[in-house]
Amino acid sequence: MDQHTAAPPGAGHITLMAAGELRDALTAAQHGDRATALAALMAIDADSWQAIADRLSALGGSLPELLTLLGDQP
């Protein structure tokens, strides 16, 4: 498995629905649509949230940092 897609040991499962909501949130944030980004993030279940946070942490980042980075894009 590619190191960029491998989950850290002990990481939980991200549901397919949560992955789609995260993708939608990141796309909306990149386009400056904060309301849509927030709505998509709020639709993610708690277990998937923890798994997302674990994966981002393993990559050396966090969701707020990622959203800030995308929001700063022209």
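It should be emphasised that the depicted structure is a prediction, and the values quoted were computed from it without experimental measurement. (Residues numbered from 1 in each chain as written. Predicted model: local features only at pLDDT ≥ 70, side-chain atom pairs only at ≥ 80, totals over all residues. Heavy atoms only, no water.)

A. Structural detail: the confidence of the model for the protein. Confidence in the prediction of the protein, expressed as mean pLDDT, is 84, and 80% of residues score 70 or more. Per-element mean pLDDT across the protein ranges from 79 in helix H4 (residues 63-71) up to 94 in helix H3 (residues 46-58). (pLDDT = per-residue confidence, 0-100. Helix = DSSP H or I, 4+ residues; strand = E, 2+ residues; numbered from the N terminus.)

B. Looking closely at the pattern of salt bridges. If you walk through the whole model with that rule in mind, you get 1 salt bridge. Aspartate 24 is the salt-bridge partner of arginine 23, the closest N and O atoms lying 3.2 Å from each other. The exposure class assigned to aspartate 24 is partly exposed, which follows from its relative accessible area of 34%. (Salt bridge = Lys/Arg side-chain N within 4 Å of Asp/Glu carboxyl O. Buried < 20%, exposed > 50% of the residue type's maximum accessible area, 1.4 Å probe, protein only.)

C. Region of interest: the environment of alanine 28. Mapping alanine 28 onto the fold places it in helix H1 (residues 16-30). Those residues within four positions of alanine 28 in sequence are excluded, and the remaining contacts are Asp33, Thr36 and Ala37. (Contact = heavy atoms within 4.5 Å.)

D. Main features of helix H2 (residues 34-42). Regarding H2, the residues found buried are Ala37, Ala40 and Leu41. Taken end-on, H2 shows its buried residues confined to a sector of 100°, consistent with a single buried face. Among the exposed residues of H2, those oriented more than 90 degrees off its buried face are Ala35 and Met42. (Arc of directions from axis to C-beta.)

E. Fine view of the nonpolar core. Counting 11 residues, the largest nonpolar core consists of Ala18, Leu22, Ala25, Leu26, Ala40, Leu41, Ile44, Ile52, Leu56, Leu63 and Leu70. Here this core takes 4 residues from H1, the largest share from any one element. Discounting chain neighbours no more than four positions away, the residues touching alanine 25 are Ala37, Ala40 and Leu41. (Core = buried A, V, L, I, M, F, W, Y, C linked by side-chain atoms within 4.5 Å.)

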